[in-house]
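Structure at a glance
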Amino acid sequence: MTSLPDAPQTTPSSVPIILDGWQGDGADGSARDGSGKRWRGASERLFEGLNPQQREAAEYRGQALLIVAGAGSGKTSVLTRRIAGLIESREAWPSEILAITFTNKAANEMRERVEQLLGGKAQGMWISTFHSACVRILRREAETIGKTASFTIYDSGDTRALLKRIIKELDADTLGFTVGAAANRISKLKNELTDLETFARSANLSDPQEVMFLEIFRQYTRELRRANAFDFDDLIAETVFLFRAFPRVAALYQSRFRHILVDEYQDTNHAQYSLIRELTMPVAPDIVDDLESHGRNVRPLRDAAGVIPSASLTVVGDSDQSIYAFRGADIRNIVEFERDFPGAKVVLLEQNYRSTQNILSAANAVISNNFDRKDKKLWTAVGDGEKIIGYTGYSGHDEAQFVADEIEKLHGAGMAYKDIAVFYRTNAQTRALEEIFIRSALPYKVMGGTKFYERAEIKDSMAYLITVANPDDMLALRRILNTPKRGIGPATETQLASYAEDNGLTFRAAMRDAASLGLGPKVTNAILQLSSLLDEAAAKIDPSNPAGVAPVADVLTFLLDGSGYIETLRNSRDPQDEARAENVDELVAVTREFARNNPDGTLVDFLTEVSLVAAADEIDDSSGAVSLMTLHTAKGLEYDAVFLTGIEEDLLPHRMSANEPGGPAEERRLFYVGITRAKKRLFLSLAMTRAQFGETAVAMPSRYLQEIPADLIEWRQSPGSANGRGGTQSRALNARRPGLGAGSGGSGGSGWNDSLAAAPFRQERPKAEWPNRVTGKVRDNGELELAPGDRIRHADFGEGRVTQVTGQGAKRVAHVQFEKAGAKKLLIKIAPIDKL
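Residues numbered from 1 in each chain as written. Predicted model: local features only at pLDDT ≥ 70, side-chain atom pairs only at ≥ 80, totals over all residues. Heavy atoms only, no water.

**Points about helix α3 (residues 104-118)**
- Under the 1.5 Å per step criterion, the end-to-end length of α3 is 21 Å for 15 residues, consistent within 8% with the ideal 21 Å.
- Taken residue by residue, α3 has Ala107, Met110, Val114, Leu117 and Leu118 as its buried positions. Projected onto a plane normal to the axis of α3, the buried residues spread over an arc of 95° and lie on a single side. Of the exposed residues in α3, the ones pointing more than 90 degrees away from its buried face are Lys105 and Gln116.
- Summarising the contacts, the buried residues of α3 are in contact with α2 (75-88), β2 (97-101) and β3 (126-129). (Helix = DSSP H or I, 4+ residues; strand = E, 2+ residues; numbered from the N terminus. Expected span 1.5 Å × (residues − 1). Buried < 20%, exposed > 50% of the residue type's maximum accessible area, 1.4 Å probe, protein only. Arc of directions from axis to C-beta. Contact = heavy atoms within 4.5 Å.)

Rendered as structure tokens:
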């Protein structure tokens, strides 16, 4: 169970404390005392260092203010100075201020900054997340909605456990229901403020699946009520329902919070938007009278008509960074702010304090292709900086090697590993990066995710292969016994194990003999079907098989299809299962690459190679580790150097976005967010071929690359005729070759062809189809000893000389100067090398 932290409870009632002679805001938005004179404004020190636009936003005093804060434009500083200014100028007591952020970390940072500016005078503000603010309100008003103040808050784990029980009791899994899919749909409904009764009225009762979901929803809602509990989505939805059902309760908070500030407004969903709307409603005269009759001193807040006007609302955000539609975020909330709040002031913060101008110019050019946005142009006073580096590789491994090499150059020039990040669109892309980084002895960490070979779906798929290669591996066999769900529970598993032990059999042999266990026909059939599938797969790798030994890829696809594992992931309504299916497809691609690199390689050889990569020790470095993460995870972060990888059609924009309304525009915003994370150096890379659905296919350059003016990018690529037309330019530029049309939606379109004269590799190259192609090969080198001066041959880089050996034991690293490939670092334990 999760209990959100309540801010310290200050006992003054929810009525604001009114200063003697205070009469609120003047008609011009200025603060005035009883004699009509303006209060002395906040001291100048609060606004030191703000640029003119930031200062205008901090000092404005109208009813509604939209601060369009471009990436890196100092929005947190503006918000904190605005709050501090309101308090220091005595325009508001701290208890009249409600500031809402999306994370506890952001709330804590904002609170600390205000306290640094004002000291103890800041006590009593509500600076919190949406959820934390709603918890405080619901605990105070619990009795009004039939709860006790000690209600429990169910976190995602509690929600899933409850839904798992309900789905099992209803046998809903027979209709394809999974815990994840049910949890996501219920969450989506609650974020749209659709409760059980509302959904029941619109449900299609002739659809068995809809009827079953309605029953799941009904039982879930009933169990929460019975447990005196809310889930996370309830916290906001129930607060909105509370305010709408009990206007007098709403008026307590509408009259208390006179200044409401919301950060990251572009990420708000319908429920969050509705909460803000409720809090900023004016209070009608009859309700004001009712409040006063109950001893609430709200008379000074009334206007000439007896109404308490709506609170002042300040929202900060950037529609160009709205990338969470899949979580329910509605970009219309910020795009239509001026329609929702007529007369709202809009201030653009365009000066960027993070990135160089070249990076910002690229970002501006890309995002200008989205319509229905508040136009702004980010600029900086720090200068143009280095050009963006673009790279086209042959494959994901070739691209990953380029990234690794460039990171080493940056590190060698003094940049710490922790100041470097690599972004990608899908988690499946980490596989090639991780393999090359491990082989290159590069320290890295996967942020907000799991390393490729540690992901549950990869471990499941590998367990199928391990069971075929080694039928005695009980751990692998038990992992797949009921994966995907077959109705084989823990009790059946125990029975099988006992039968095997009592009869001197292996667990696999006991499965073949399942009919003797006296289990029900459904369970017996499930065990025998799995056993038969594993036996057929084992026959495929038997050297005595007349048809020959099947490639590892064929065995894996046979197991994934026959078990229904991949079909279960693809048919799931859980959006995360789509990413899991992509990861499994990537594993199939690994097996195909293995076959190309090792024509005589067996299943055992493949499992050995994977285990070498998966078990490689993490390299330690005093300057930290390179961060690997998805573009969605990257939002809000910044790094000195950023590598944006896989800038290809079907990846960015992702193929799933093509059919979604506004999908390509949101993908462009995602690219924009990635670009604007970079402070000093930006690298854009793509590959000519990429594994899709387990097959290697030609990858096309992303349409977004053509939107960046050519003079901002220095293109590099693996040389050779396969890469560019005649090997003279980057494949990413081919769409703008003379006679091929102008491409789509370009910005600053001239200059693409101009760059041909300066394109690298103009000299004639031998017509080799795959020169310098990098593979992901690894090898178990055992106790291979290398010393400076030794000559080696590498499977990908050819011959070279060892210049230095660092590290100890399994973490020994060879620094090698190769004759053609240049300087590389290699983890000796697994590098595909021979000592000459």
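**Description of unusual backbone geometry**
- For the bond running from Thr483 to Pro484, omega is 0°, close enough to zero to count as cis.
- In this fold, Pro484 is placed in the loop between α19 (474-480) and α20 (490-502).
- Along the chain, Leu652 connects to Pro653 via a cis peptide bond; the corresponding omega equals 5°.
- For Glu264, which is not a glycine, the phi torsion comes out positive at approximately 50°.
- Within the secondary structure, Glu264 is located in the loop between β6 (259-262) and α11 (270-279).
- Given a relative accessible area of 19%, Glu264 falls into the buried group.

**Describing the confidence of the model for the protein chain**
- For the protein chain, the average pLDDT comes to 85, and 88% of its residues sit at 70 or higher.
- When pLDDT is averaged over each element of the protein chain, strand β13 (residues 639-644) comes out on top at 98 and strand β15 (residues 689-692) at the bottom at 80.
- Below a pLDDT of 50 lies the segment residues 2-40, which in the model reaches 71 contacts outside its immediate sequence neighbourhood of four places, other chains included.
- Confidence over residues 735-771 falls short of pLDDT 50; this stretch has 73 contacts with residues more than four positions distant or in other chains. (pLDDT = per-residue confidence, 0-100.)

**Observations regarding the sheet that holds strand β17 (residues 713-717)**
- One open sheet holds the seven strands; their spatial order is β11-β12-β10-β13-β14-β9-β17, and the pairing between them is parallel. Taken across any chain shown, the strands that pair with only one partner, and hence form the sheet edges, are β11 (444-446) and β17. Adjacent strand axes in the sheet meet at a mean angle of 20° when their direction is disregarded.
- Pairing of strand β9 (residues 388-393) with strand β14 (residues 678-687), which is carried by five bridges, proceeds in the parallel orientation. In the sheet register, Thr392 faces β14, and the bridge partner there is Leu686. (Pairing = 2+ DSSP bridges. Axes fitted to C-alpha atoms, helices over the stretch in contact; angles between N-to-C directions.)

**Some details on the packing of helix α9 (residues 232-245) against helix α10 (residues 247-256)**
- Between α9 and α10, whose axes approach to 5 Å, the crossing angle comes to 110°. In this view, α9 runs roughly perpendicular relative to α10, as classed from their interaxial angle. Seen from α9, the contacting residues are Leu242, Phe243, Arg244 and Ala245; seen from α10, they are Pro247, Val249, Ala250 and Tyr253.
- Residues belonging to the contact of α9 with α10 are distributed by class as follows: seven nonpolar, no polar and one charged. (Parallel < 35°, antiparallel > 145°, perpendicular 65-115°, else oblique. Nonpolar A, V, L, I, M, F, W, Y, C, P; charged D, E, K, R; others polar.)

**A short note on empty space enclosed by the protein**
- Here the structure, examined in full by the defined rule, presents six cavities of 30 Å³ or more.
- Quantified by volume, the largest cavity comes out at close to 330 Å³.
- Considering the residues around the largest cavity, the lining is formed by 24 residues, among which Ala428, Glu586, Arg690, Ala691 and Gln692 are closest to the centre.
- If you list the elements that add at least two residues to the lining of the largest cavity, you get α16 (396-412), α17 (430-439), α25 (575-597) and β15.
- For the lining of the largest cavity, the element with the most residues is α25, which contributes five residues.
- Grouping the amino acids of the lining of the largest cavity by side-chain chemistry returns five nonpolar, nine polar and 10 charged.
- When its volume is computed, the second largest cavity comes out at roughly 110 Å³.
- A class-by-class count of the residues in the lining of the second largest cavity yields six nonpolar, two polar and five charged. (1 Å grid on protein atoms, 1.4 Å probe; cavity = no way out; pocket = protein on both sides within 12 Å on 5 of 7 lines; lining within 4 Å. Points joined across faces, edges and corners; volume = space filled by probe spheres on them.)

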